[in-house]
Amino acid sequence: MTQAAPIAIEAPLVDPDWLLADPHTRFAELRRDHAVIRISDQSYWALRANDVLSLLKDDQTVQLEGRDYVGFHQIPDGAMARFLRDMALFSNGKNHRAKRGPFARTFSHHAILGMQDRIRSVARSIVADLPRGESFDFVERMCGRVPSEMIAAILGLPVSGAAYFAPRIYAIADGIASIYPIDKHDRIETGASEVFAYVEEEMSSRLTAPKDDLLSRLVADWNETRTIEFSNLVHQVIAFMLGGSDTTRAAFAIAVSLLRQRPDDWAALRADPSMIPGAIAESLRFEPSVGHLPRFTVAEMQIGEARVPAGVPLQLSTMSAMRDPDLYDRPDEFLIRRTDHPRLHLIFGLGPHRCIGDLLARLEMEESLRALLEAAPDLEIDVAPQMIGFGGIRKITEMRVHIPSSM
């Protein structure tokens, strides 16, 4: 006798403020009984690792389109809304390939590995420049500089430009969250407008006076084909700057905090730097800087016991999935010697929308940690940071540290 499929029920509605107060604990409580929750009538969240992995490849879901993201979050028209509508992350199919294609050669595995010496040099220089004998904000003085200065170097922007665009990129990042912070919209809008003007001017100048850099190659290729509007190309460059700045900044700060507060792990990495990639992978799992991967349903679905209607955002929770015992053994323990990481780390996504800069981000964090272990192994944490949020690009609080003066 064939057993009938269970009747689908409505996913429970969860107060986002309750979830925000202690997301890891509350995701675990919810995940035991529910495959899917809602944080509003039209925002569904998949919590279980097996569902998250399969939904990333399920043709009943697509990437949430930029226009839908803007509409769903009721983002006022302007520079930020235009950026989100154009952004490659929020596109599908041929449109997505056209926006992502110009960056493929630069971010090939071979090309990124070729940058490792430069990344190491940047990281060592920044560590050497850190204050000794005084307390300082590690997020600002270390974690933000490595990715922004590497982005500037890759694109061909002056290093001084990193100090200009980085805070504006962080403002834009505030707008990519599980709930759009409308109270911060003026700041977000100003950041988006000023970054667009800065990047557009740099790229336009290379149309008439090209240099030996990535921006010149991008505008030269665009000028030959013009498959997208010039403003659209500018937005893709800004998206690359965003993807390589705020998430890496927060992820590295949390990694150093987690490791430095575990003296045995810190000592093990000093003794055997070959363990550094595993330590970074574990910190990305344990306290991810990206809380979810956005999808959109194109058909009604049943996930676990829950019915998910067509035409709604379906957020795939990386925070919940990477603490799921179905994916990781002892998931609530921080284990730098862990051997059960999937071949492709979930934090960077899967499929066509997997983060194009995943290897660059990992190398930046690995080389930065190596530089700290070599030149500032006695770094002490005065105020540990916290990661705030349960979705989107999570926010990092201040992290104050000091490096004792050498005798």
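Residues numbered from 1 in each chain as written. Predicted model: local features only at pLDDT ≥ 70, side-chain atom pairs only at ≥ 80, totals over all residues. Heavy atoms only, no water.

### Quick notes on the overall build of the protein
- When helices and strands are counted, the protein shows 19 helices and 13 strands.
- The C-alpha atoms of the protein give a radius of gyration of 21 Å, which matches the 22 Å a tight globule of 407 residues would have.
- By its C-alpha atoms, the protein is 75 × 55 × 40 Å across when sized along the principal axes.
- Classification of the 407 residues of the protein by burial places 56% in the buried group. (Helix = DSSP H or I, 4+ residues; strand = E, 2+ residues; numbered from the N terminus. Rg over C-alpha atoms; globule rule 2.2 N^0.38 Å. Buried < 20%, exposed > 50% of the residue type's maximum accessible area, 1.4 Å probe, protein only.)

### Regarding the side chain of T297
- Checked against the element boundaries, T297 lands in strand β6 (residues 292-297).
- Within the local environment of T297, its side chain forms a polar contact with the backbone oxygen of P309, the two atoms lying 2.7 Å apart.
- T297 has contacts with Q60, T61, V308, P309, A310, G311, V312 and L314, leaving out every residue within four places of it along the chain. (Polar contact = N/O pair within 3.5 Å; in protein donor to acceptor, adjacent residues only side chain to side chain. Contact = heavy atoms within 4.5 Å.)

### So, the sheet that holds strand β8 (residues 306-308)
- Strand order in this open sheet of three strands is β1-β8-β7, and the pairing throughout is mixed. Every other strand in the sheet has two partners, leaving β1 (9-10) and β7 (301-303) as the edge strands with one partner each.
- Sheet analysis places β7 next to β8, joined by three bridges and oriented antiparallel. Directly across from I303, in β8, lies its bridge partner A306. (Pairing = 2+ DSSP bridges.)

### Topic: empty space enclosed by the protein
- In the structure shown here, the tally under the stated rule is one cavity of 30 Å³ or more.
- As for the largest cavity, its lining consists of M142, C143, V146, P147, T248, F252, E364, M365 and S368.
- Within the residue set of the lining of the largest cavity, elements represented by two or more residues are α9 (138-143), α10 (145-155), α15 (246-260) and α19 (358-375).
- Top element by residues in the lining of the largest cavity is α19. It accounts for three residues.
- In the lining of the largest cavity, the residues fall into six nonpolar, two polar and one charged. (1 Å grid on protein atoms, 1.4 Å probe; cavity = no way out; pocket = protein on both sides within 12 Å on 5 of 7 lines; lining within 4 Å. Points joined across faces, edges and corners; volume = space filled by probe spheres on them. Nonpolar A, V, L, I, M, F, W, Y, C, P; charged D, E, K, R; others polar.)

### A word on the environment of R168
- By the element assignment, R168 lies in helix α11 (residues 159-173).
- Residue classification places R168 among the partly exposed residues on the basis of a relative accessible area of 21%.
- For the pair formed by R168 and R118, sequence separation is 50 residues and the distance between their alpha carbons is 25 Å.
- Those residues in contact with R168, other than ones at most four positions away along the chain, are G191, E194 and V195.
- Side-chain polar atoms of R168 contact the backbone oxygen of Y164, separated by 2.7 Å.
- Polar contacts involving the side chain of R168 include one to the side chain of E194, which spans 2.7 Å.

### A look at the sheet that holds β6
- Strand order in the open sheet formed by five strands is β2-β3-β9-β6-β4, with mixed pairing between adjacent strands. The strands lining the two open edges of the sheet, one partner per strand, are β2 (36-40) and β4 (61-62).
- Of the pairings in the sheet, the one linking β2 to strand β3 (residues 43-46) comprises four bridges and is antiparallel in character. Across the sheet, residue I37 finds its bridge partner in β3, namely W45.

### With respect to the packing of aromatic side chains
- Scanning the entire structure with this criterion turns up six aromatic pairs.
- Aromatic pair Y164 and Y198: ring centres 5.2 Å apart, planes at 45°, arrangement tilted. Taken together, the residues Y164 in helix α11 and Y198 in helix α12 (residues 185-208) connect sequence positions 34 residues apart.
- Assessed through its relative accessible area of 31%, Y164 is described here as partly exposed.
- Judged by centre distance (5.0 Å) and plane angle (65°), the ring pair of W222 and F230 falls under edge-to-face.
- We classify W222 as buried; its relative accessible area is 10%.
- In this structure F230 comes out as buried when scored by relative accessible area, which is 13%.
- R168 extends its terminal NZ or CZ atom over the ring of Y164, reaching a point 3.8 Å from the ring centre. (Phe/Tyr/Trp six-rings, centres within 6.5 Å; stacked < 30°, edge-to-face > 60°. Lys NZ or Arg CZ within 6 Å of the ring centre and 35° of its normal.)

Worth remembering: the numbers are spatial, not functional.
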